[in-house]
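Residue-level structure breakdown
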Amino acid sequence: MILNMTHYYFFKKLVESIPTHLHDNMEYDNDLLFNLSTFNNVGTFYMLFNPIKIDKYKFDDNLKSNKFNSFIMECLYICKKKNDHMQLLFIYAMVAHNILEQKINDYLVPKIEKKRSYSKMCNMIEFYYAMANDNINLTKINLTKYFPNGFIYHDFMDKLITNPFIKVFGAFCTKQYYTKAYNRKKLYFNFFTRSKTKLKLIPYLLYDLIFNHRGKPKAKNYLYSNKVDTSILNLTNMPYLVGDETFTYSFEDILNQALEEAIEYMEAINSYVINDNPKPLKKLFKITSALMDEKDENEEADDEEFEGLNEEDKKLSKLFKLAKMENEEKKTINDKLDNSNPSEKELKKLEKQKLKEMKKQEIDEESSSEVESNESTPSEKELRKLEKQKLKEMKKLEKQMKKSLDNDDTNQELIELENE
């Protein structure tokens, strides 16, 4: 369905590169590494067994969006302030997952065929690497027993991501949301990924036929298969086409490329959090030092403002503060439009926000003009009558002018007629 063991093995390899002075302060086991490395797909498991359920928080999509770096930066500010090494490990995991997923997508999407879906290829890759690394047969082994503590939403995770998720993505994911997702994830690995006789495949196919999943993973791909098409791994580095370009990358090459990039990000994160050197991180995340300094000041101000409150009250207070800031920003935008001459870029940004008000104003003007026209504007027939009367008056005026050309009172009469 989706990659889990592959992310676990990838993150496990990345952890080996963590500097010793940090590594020694991190208490983890394989269960926690599996947990953290697969966290980015929480949203998939949250809505997995309900064909009509939609993830209103769009959790997975948000972590794949272009706001991901901003989200990680918010997490880093919290982690740096608290000096929490477990939260730092969690950040590594989220970043590593995102990097690997992007690389794998670029590699697998061109290989999709009618009888070889993306999910099917993921299942083959999962089975292959579980056997290669730990000699685990995923068609037989229950992963909930292999990772008995790998399905727990820990407090250090909740304290790290709640406020950044609100601030960056505008969604207040409750702890209950994550707990339900983890429970369904455990249920999935406990009962839905293995079948000795393949009898489970029949109801899965019926489920797919009836509900069609509405964009969700197909149930037929829940089951792991021991049939692996190794051509998708390109183990012998055979050339293949992607568009007009030829490549020889194997799946292992993709993993190595992703690992190099993940290590670079990890080192940049360490440089900022541990050594207080933001330069490598600024380069990777493309942010300015002024922005980082401003953020640090804002975090300190928030600490002073919400000092003495418990964690839940702090979350709610910050949520209300964010809502208030958004309203103030909207008001500022309207003031700018009314009182200044914005630049072209500002106009483009503000145009969309003004459209609704303009449309509403147009509707009001149209309705008011209709009322006015009904009350005061003459009809076409009345206009024609007025024109005829005016023509008659003009003719009379001409006659009077001819008769009294030599008369001294002519000018006075003309003036009076004109005034009339």
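The rules behind these values
Residues numbered from 1 in each chain as written. Predicted model: local features only at pLDDT ≥ 70, side-chain atom pairs only at ≥ 80, totals over all residues. Heavy atoms only, no water. Helix = DSSP H or I, 4+ residues; strand = E, 2+ residues; numbered from the N terminus. Buried < 20%, exposed > 50% of the residue type's maximum accessible area, 1.4 Å probe, protein only. Areas by Shrake-Rupley, 256 points an atom, 1.4 Å probe, with all protein chains shown as cover. Axes fitted to C-alpha atoms, helices over the stretch in contact; angles between N-to-C directions. Parallel < 35°, antiparallel > 145°, perpendicular 65-115°, else oblique. Left-handed = near helix turned anticlockwise from the far one by under 90°. Contact = heavy atoms within 4.5 Å. Nonpolar A, V, L, I, M, F, W, Y, C, P; charged D, E, K, R; others polar. Salt bridge = Lys/Arg side-chain N within 4 Å of Asp/Glu carboxyl O. Phe/Tyr/Trp six-rings, centres within 6.5 Å; stacked < 30°, edge-to-face > 60°. Core = buried A, V, L, I, M, F, W, Y, C linked by side-chain atoms within 4.5 Å. pLDDT = per-residue confidence, 0-100.

Some details on the overall build of the chain
Along the chain, the regular secondary structure elements total 19 helices and 2 strands. When burial is assessed residue by residue, the chain has 39% of its 420 residues classed as buried. About 26,100 Å² of surface is accessible on the chain, with carbon and sulfur atoms providing 51% of the total.

Overview of the packing of helix H7 (residues 85-108) against helix H10 (residues 155-169)
Contact geometry of H7 with H10 gives a least axis separation of 9 Å together with a crossing angle of 65°. Classified by the interaxial angle, the pair formed by H7 and H10 is roughly perpendicular. Regarding H7 and H10, the two cross each other, and that crossing is right-handed. Residues Met86, Gln87, Phe90, Ile91 and Met94 of H7 form the contact with H10, whose participating residues are Phe156, Met157, Lys159, Leu160 and Ile161. Here the residues of the contact of H7 with H10 sort into 8 nonpolar, 1 polar and 1 charged.

Notes on the pattern of salt bridges
One pass over the full model with this rule turns up 5 salt bridges. Of the charged contacts, one joins Glu261 and Lys103 as a salt bridge, the two residues approaching to 3.5 Å between their closest N and O atoms. One end of the pair, Glu261, is in helix H13 (residues 251-273); the other, Lys103, is in helix H7, with 158 residues separating them in the sequence. Residue Lys103 is classed as partly exposed on the basis of its relative accessible area of 24%. Look at the salt bridges and you will find they share partners, linking Glu113, Arg116 and Asp229 into a network.

A few points about unusual backbone geometry
Peptide bonds are trans in most cases, and residues, glycine excluded, mostly fall at negative phi. Within the chain, Lys198 stands out as a residue other than glycine whose phi angle is a positive 65°. Position of Lys198 among the secondary structure elements: in the loop between helix H11 (175-192) and helix H12 (201-211). A relative accessible area of 42% places Lys198 in the partly exposed class. For Asp276, which is not a glycine, the phi torsion comes out positive at approximately 60°. The class of Asp276 is exposed, set by a relative accessible area of 52%.

Overview of the packing of aromatic side chains
A full pass over the atoms with the stated rule returns 38 aromatic pairs. Ring geometry for Tyr8 versus Phe147: centroids 5.0 Å apart, planes at 70°, classification edge-to-face. Of this pair, Tyr8 sits in helix H1 (residues 5-15) while Phe147 sits in the loop between helix H9 (143-146) and H10, and the two are 139 residues apart along the sequence. An identical accessibility class is assigned to Tyr8 and Phe147; each is buried.

Regarding the nonpolar core
Core analysis: the largest hydrophobic core is formed by 100 residues, its most contacted members being Phe39 and Met94. Here this core takes 15 residues from H7, the largest share from any one element. Among residues more than four places away in sequence, those in contact with Phe39 are Phe59, Phe90, Met94, Tyr153, Met157, Ile161, Tyr178 and Tyr182.

With respect to the packing of H1 against helix H3 (residues 30-37)
Taken N-terminus to C-terminus, the directions of H1 and H3 make an angle of 115°; their axes are 8 Å apart at the nearest point. When the axes of H1 and H3 are compared, the pair comes out roughly perpendicular. The chirality of how H1 crosses H3 is right-handed. Across the interface between the two elements, Met5, His7, Tyr8, Phe11, Lys12 and Val15 of H1 pack against Asn30, Leu33, Phe34, Leu36 and Ser37 of H3. Across the contact of H1 with H3, the residue classes tally to 7 nonpolar, 3 polar and 1 charged.

Quick look at the environment of Met5
One can find Met5 in helix H1. Looking at Met5, the relative accessible area reads 0%, which means it is buried. With 118 residues separating them in the primary sequence, Met5 and Asn123 have C-alpha atoms 9.9 Å apart. Setting aside residues up to four positions removed in sequence, Met5 forms contacts with Phe34, Glu126, Ile136, Leu138, Leu143 and Phe147.

Here's the deal with the confidence of the model for the chain
Residues shown with low pLDDT carry predicted positions that ought not to be read at fine detail. The predicted model of the chain averages 81 in pLDDT, with 68% of residues at 70 or higher. Summarising per-element confidence for the chain, the mean pLDDT is lowest in helix H19 (residues 410-419) (48) and highest in H3 (98). Below a pLDDT of 50 lies the segment residues 368-377, which in the model reaches 1 contact outside its immediate sequence neighbourhood of four places, other chains included.

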